[in-house]
Amino acid sequence: MLARRLRRQAAWCSELGSPLYASLLESAADDLQLGGPVWEVLEGFDDEPGTAALALRFMGAVHRLVLDETLPELARHYPSTGGEGDASATWPAFKRAVVDQRAKLRDLLGAGCQTNEVGRSAALLGGFLEVAHRTHLPLRILEIGASAGLNLRWDRYRYESSEGAWGDETSEVRFVHSFEIPPAMNRSAAVVERKGCDLQPVDPTSVEGALTLRSFIWADQLGRLALLDGAIQVASDLPIEVEPLDAADFLQRELATSAEGVATVVYHSVFMQYVDEAGRKRLEAAVAGARQRASPHAPVYHLRLEPGARTEARFEVRLDDQLLGTSLAHGTGVRWLEDSSQQ
Ligand SMILES: C[S@@+](CC[C@H](N)C(=O)[O-])C[C@H]1O[C@@H](n2cnc3c(N)ncnc32)[C@H](O)[C@@H]1O
């Protein structure tokens, strides 16, 4: 069961461009099946649901100890700390690290998975521009499950495609490889209010928060790491508090009265799988109630990037009931549907 989880994550890492993690996870699964040191670290975690992302927490825990200089031998191999990233040369050092740091790794595993993928802003961009285009109103954006709030600053990033660009040319965050079929970018949008919530928010401007976020990036994905570092910089220039609050409670409060003269966009990415049935019902009721009270001067939209129903690999960007486009899990490979825009 546990080995199957590691191998499943290995396949995802391979699919999403992390050959180092794909190989390390396969070796870790072999080791676990032999009752080796990986088993000794992961023993007792087998009852968790798949959504608890044990394999990613394990890799994140090891990466954290690389980044904080606890594991200098492994750091010499990890690309995030200047290493060559050769998987077969890395595995022996990885295995030694698992033996030497068993207790710390088990502690870190207990802390849960806390990721914030800024690349998802590229997948969401077309949805925000679509709302601005339809309504001609400034945007009030409300993100639930916002983690560190990096995607609450999507309008401070630069997006470039073969067919146009959007956003601040001087931004520290530049998406240049995200679009296969881009959305229309010749549209303006202004964010006038932004708020977010999360059960376990991360402060990206703190040393601890930045280390947590960096540790969950796959160590051979230097492009993602550079985007994250840029987003942490933008976050320190534009501070936003992500409230430590349940999403349904947050929406019930924020949507209780209509906001005139702005288009409210409730949004989330890779979030719904963590919410139980009762929570989902409360969320849906809060959004549905707000949409019933909405008017042309105070419209309410629901934008999301979540795993697709049709193929596991492609995630779907939906605005209310409409499919606008798809992307890969981290917001790359965006394919916008040509007829998704309301003229
Ligand atoms: C996989 S992370 C995704 C974070 C971010 N949306 C992104 O795309 O990078 C899921 C987030 O949802 C948060 N979360 C889960 N259930 C929640 C709830 N009921 N209310 C608020 N946040 C929740 C978790 O704490 C976590 O930060």
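Rules and cut-offs
- Residues numbered from 1 in each chain as written.
- Predicted model: local features only at pLDDT ≥ 70, side-chain atom pairs only at ≥ 80, totals over all residues.
- Heavy atoms only, no water.
- Near = heavy atom within 4 Å.
- Polar contact = N/O pair within 3.5 Å; in protein donor to acceptor, adjacent residues only side chain to side chain.
- Areas by Shrake-Rupley, 256 points an atom, 1.4 Å probe, with all protein chains shown as cover.
- Nonpolar A, V, L, I, M, F, W, Y, C, P; charged D, E, K, R; others polar.
- Patch = residues over 30% accessible without salt bridge, like charges linked within 9 Å, V, L, I, M, F, W, Y side chains within 5 Å.
- Salt bridge = Lys/Arg side-chain N within 4 Å of Asp/Glu carboxyl O.
- Lys, Arg positive; Asp, Glu negative; His and termini not counted.
- Charge placed at Lys NZ, Arg CZ, Asp CG, Glu CD.
- Helix = DSSP H or I, 4+ residues; strand = E, 2+ residues; numbered from the N terminus.
- Buried < 20%, exposed > 50% of the residue type's maximum accessible area, 1.4 Å probe, protein only.
- Pairing = 2+ DSSP bridges.
- Axes fitted to C-alpha atoms, helices over the stretch in contact; angles between N-to-C directions.
- Contact = heavy atoms within 4.5 Å.
- Right-handed = clockwise from strand over helix to strand, strands pointing away.

**Q** Where do I start with the site of the ligand in this structure?
**A** The environment of the ligand is formed by 18 residues, the closest being Gln114, Glu117, Arg120, Asp198 and Ser269. The separation between an oxygen atom of the ligand and a polar side-chain atom of Gln114 is 2.9 Å. Protein chains bury 93% of the 600 Å² of accessible surface belonging to the ligand in isolation. Here the shell around the ligand is composed, by residue class, of six nonpolar, seven polar and five charged.

**Q** How should a negative patch on the surface be read in this particular structure?
**A** On the surface, a cluster of negative charge is contributed by Glu40, Glu43, Asp46 and Asp47. Looking at the secondary structure, you find Glu43 in the loop between helix H3 (37–42) and helix H4 (54–67). The class of Glu43 is partly exposed, set by a relative accessible area of 37%.

**Q** What am I meant to see in the pattern of salt bridges here?
**A** One side chain can pair with another of opposite charge once the charged atoms of both are near each other. Counted according to the given criterion, the structure contains 25 salt bridges. A salt bridge links Asp320 to Arg291, with the shortest nitrogen-to-oxygen separation between them at 3.1 Å. Here the residue Asp320 occupies a position in the loop between strand S10 (315–319) and strand S11 (322–327), and Arg291 occupies one in helix H12 (residues 277–293), the gap between them amounting to 29 residues. Among the ionic pairs, Arg318 bridges to Glu316, the shortest N-O distance being 3.1 Å. The exposure class assigned to Arg318 is partly exposed, which follows from its relative accessible area of 23%. Glu316 gets classed as buried once you look at its relative accessible area, which sits at 9%.

**Q** Explain the sheet that holds strand S7 (residues 242–244) here, please?
**A** Sheet strands associate in pairs through backbone hydrogen bonding, adopting either a parallel or an antiparallel arrangement. Taken together, the nine strands give an open sheet; going across it, the order is S5-S12-S11-S10-S9-S8-S1-S6-S7, and neighbouring strands pair in mixed fashion. Both outer strands of the open sheet, strand S5 (179–181) and S7, are each paired with one neighbouring strand and no more. The sheet shows a mean angle of 20° between the axes of neighbouring strands, direction not considered. As defined by bridge partners, strand S9 (residues 300–307) adjoins S10 across five bridges and the pair is classed as antiparallel. Each residue of the ladder has a partner; that of Glu306, found in S10, is Glu316. Along the sheet, helix H8 (residues 120–135) contacts strand S1 (139–144), S5, strand S8 (263–269), S9, S10, S11 and strand S12 (334–336); its crossing angle with S9, the most-contacted strand, is approximately 160°. Against the sheet, helix H11 (residues 247–254) makes contact with S1, strand S6 (191–198), S7 and S8, and its axis sits at roughly 155° relative to S1, the strand it touches most.

**Q** Got a minute to help me understand the environment of Ser14 in this structure?
**A** In this structure, Ser14 sits in helix H1 (residues 2–15). Using a relative accessible area of 49% as the deciding quantity, one classes Ser14 as partly exposed. Through-space distance from the C-alpha of Ser14 to that of His136 is 42 Å; in sequence the pair is 122 residues apart.

**Q** What is the right way to look at the pairing of strand S2 (residues 158–161) in this model?
**A** Strand residues, when the strand is regular, have side chains that alternate between the two faces of the sheet. Alignment of S2 against strand S4 (residues 174–175), held across two bridges, turns out to be parallel. Bridge assignment links Arg158 to a residue of S4, and that residue is Arg174. As defined by bridge partners, S2 adjoins strand S3 (residues 164–166) across three bridges and the pair is classed as antiparallel. Residue pairing across strands places Tyr159 opposite Trp166, the latter belonging to S3. In this structure, the hairpin formed by S2 and S3 is closed by a connection of two residues.

**Q** What am I meant to see in the pairing of S9 here?
**A** In terms of burial, S9 is a largely internal element, seven of the eight residues being buried. Summarising the sheet, S8 and S9 pair through six bridges and their orientation is parallel. When the bridges of S9 are listed, Ser269 appears paired with Leu305. Each parallel crossover has a hand, and the one from S8 via H12 to S9 is right-handed.

**Q** How do you make sense of the sheet that holds S3 when you look at a structure like this?
**A** Taken in spatial order, the three strands line up as S3-S2-S4 in an open sheet, and their pairing is mixed. With partners counted over all chains shown, the strands left at the sheet margins are S3 and S4, one partner each. Each of S2, S3 and S4 is contacted by H8, which is oriented at about 90° to S2, the strand it contacts most.

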